[in-house]
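Coordinate inspection notes
Now for the letters of each chain:
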Amino acid sequence: MANTEEPTPYGSTRPVPKRVRTHHLGEMKRRGEKFTMLTAYDMYTAQIFDEAGIDVLLVGDSAGNNVYGHRTSLPVTVDELIPLARAVAQNAKRALVMGDLPFGSYQGSPEQAWDTAARFMKEAGVAAVKLEGGAAMAPQIKRLTDGGIPVCAHIGFTPQYEHALGGYRVQGRGDASERVLADALAAQQAGAFCVLMEMVPAEVGAKVTAELDIPTIGIGAGNGTDGQVLVWQDAFGLNTGKLPRFVKQFADLRGELLKGVAAYTADVKAGTFPAPEHTF
């Protein structure tokens, strides 16, 4: 059998696949290993996160409010996301790249979902897609997986359904926890290779993870899930607005950029840039 492992990347303590595939995430779950996922929308973040050892890169519909400046993710379109997904897929050497199906591009029917997902696979080169919904989207998940497109199902709080859910609210409290589990099981039965849970109580995230054979990814779902995901602008300080409770900031990129821009401005105004070494 060909060797599929390479030296550990920065920040990792274990051998990793040369290219992360969907089955590797399942193997990590069975070994009890956590895996990492971040959003990415361009070539430089794709390269950096890939080099750092991130296992999965999500080209999320969160580009709507983190790239295009919308208030929510709802307005972003397939045509806007595919070029971003292509940039990430072309520049990630190891990470599994997943494309997000935006609102209105798959809910209508399994065939609509197929047409959209096929575009992401063919035009962007992603290795998997993500859609929001569990039991209600089981026909869409089955259609895609039957056709060879790996699917991650997004359950719990689903941002595309913000208005139907009454805003950004934790899902799955009390008796509603059984609905989260039912959605997860329905997605698994339909063929999803993993389930992402957003804003559910930690005990619900852990229970669903224990019940499923496929891996789970959490964002505000406690530390009992198999993997974790964050929006990179939240995690590394580019976004300094009001952040969800589940976000931890691991760096202050906005502060570093401000200092760098201030230094550039000062040098230009003082006439010290460009210096002789920057001049032909």
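The text that follows walks through the structure, step by step, so that each part is easy to find. The shown structure was predicted, so the numbers you read here are calculated from the model rather than taken from an experiment. Counting restarts for each chain: residues are numbered from 1 in the order of the written sequence. pLDDT decides what is reported in this predicted model: residues at 70 or higher carry local features, side-chain atom pairs at 80 or more are listed and counted, and totals for whole chains, interfaces and linings draw on all residues regardless. Where side-chain values are given, they derive from all heavy atoms of the structure, hydrogens and water being excluded.

With respect to the overall build of the chain
Only DSSP runs of H or I with at least four residues qualify as helices, and only runs of E with at least two residues qualify as strands; both kinds are numbered from the N terminus onward. Secondary structure assignment for the chain yields 11 helices and 10 strands. All radius of gyration figures rest on C-alpha atoms, and the globule criterion is 2.2 Å times the number of residues raised to 0.38. Since a compact globule built from 280 residues should have a radius of gyration of about 19 Å, the 20 Å found for the chain is in line with a globular shape. Expressed along its principal axes, the backbone C-alpha trace of the chain runs to roughly 65 × 50 × 35 Å. When accessible area is computed with a 1.4 Å probe and restricted to protein chains, residues below 20% of their type maximum are described as buried, those above 50% as exposed, and intermediate ones as partly exposed. Each of the 280 residues in the chain was classed as buried or not, and the buried ones make up 48%. Within the chain, counting contacts between residues at least 6 apart in sequence, those at least 24 apart form 56% of the total. Only the protein chains shown count as cover for residues, and all accessible areas are computed by the Shrake-Rupley method using a 1.4 Å probe. Taken as a whole, the chain presents about 13900 Å² of accessible surface, with 56% of it coming from carbon and sulfur. Here Asp and Glu are counted as negative and Lys and Arg as positive; His is not counted, and neither are the chain ends. By convention, charge coordinates are those of NZ in Lys, CZ in Arg, CG in Asp, or CD in Glu. Of the side-chain charges in the chain, 27 are positive and 31 negative, and the distance between the mean point of each set is 1 Å. Residues count as neighbours in contact if any of their non-hydrogen atoms are within 4.5 Å of one another.

Digging into the pairing of strand 9 (residues 216–219)
Here strand 9 shows no split at all, with Thr-216 and Gly-218 on one side and Ile-217 and Ile-219 on the other all buried. Note on pairing: two strands pair once DSSP finds at least 2 bridges between them. The pairing of strand 8 (residues 194–198) with strand 9 spans 4 bridges and is parallel. Within strand 9, the position partnered with Glu-198 by the bridge is Ile-219. With its strands directed away from the observer, a crossover is right-handed exactly when the path from the first strand over the helix to the second travels clockwise. Viewed along the sheet, the connection from strand 8 through helix 9 (residues 202–211) into strand 9 turns out right-handed. Judged from the 2 bridges that link them, strand 9 and strand 10 (residues 227–230) form a sheet pairing that is parallel. The partner of Ile-217 across the bridge, within strand 10, is Gly-227.

Points about the sheet that holds strand 7 (residues 151–156)
Pairing within the closed barrel is parallel, and its 8 strands lie in the order 3-4-5-6-7-8-9-10. The average undirected angle you get between the axes of adjacent strands in this sheet is 25°. Axes, fitted as lines to C-alpha atoms, cover a helix only where it is in contact. Angles between the N-to-C directions of the axes lie from 0 to 180 degrees.

Some details on the nonpolar core
For the purposes of this section, nonpolar cores are sets of buried Ala, Val, Leu, Ile, Met, Phe, Trp, Tyr and Cys residues that join through side-chain atoms within 4.5 Å. In this structure, Leu-57, Phe-120, Val-129, Leu-144 and Val-195 are the most contacted members of the largest nonpolar core, which totals 57 residues. Setting aside its immediate chain neighbours within four residues, Phe-120 contacts Val-78, Leu-81, Ile-82, Ala-85, Gly-99, Asp-100, Leu-101, Pro-102, Gly-125, Val-126 and Val-129. Core analysis: the second largest hydrophobic core is formed by 17 residues, Met-37, Met-98, Cys-152 and Leu-196 among them.

Quick notes on the side chain of Gln-140
Mapped onto the secondary structure, Gln-140 falls in helix 6 (residues 138–146). Polar contacts, as used here, are pairs of N or O atoms within 3.5 Å; protein pairs need one atom able to donate a hydrogen and one able to accept it. Residues neighboring in sequence count only if both atoms are side-chain atoms. Looking at Gln-140, its side chain comes within polar contact range of the main-chain oxygen of Gln-107, at 3.3 Å. Among all residues touching Gln-140, those that are not within four sequence positions of it are Tyr-106, Gln-107, Gly-108, Ser-109, Pro-110, Ala-113 and Leu-131.

Some details on the pattern of salt bridges
Any Lys or Arg side-chain nitrogen located within 4 Å of an Asp or Glu carboxyl oxygen qualifies as a salt bridge. Inspection of the entire model under this criterion finds 11 salt bridges. Here Lys-29 and Asp-226 are joined by a salt bridge, their closest N and O atoms 2.9 Å apart. Note that Lys-29 is positioned in helix 1 (residues 22–31) and Asp-226 in the loop between strand 9 and strand 10, a separation of 197 residues in sequence. As far as the burial class goes, Lys-29 and Asp-226 line up, both buried. Note that Asp-146 is salt-bridged to Lys-142, the shortest N-O span being 2.7 Å. Placement of both Asp-146 and Lys-142 in helix 6 is noted, with a separation of 4 residues, approximately one turn of the helix. Classification of Lys-142 as partly exposed rests on a relative accessible area of 44%. Connected through shared salt-bridge partners, Asp-79, Arg-119 and Glu-123 make up one network.

Nothing here speaks to function; it is geometry throughout.
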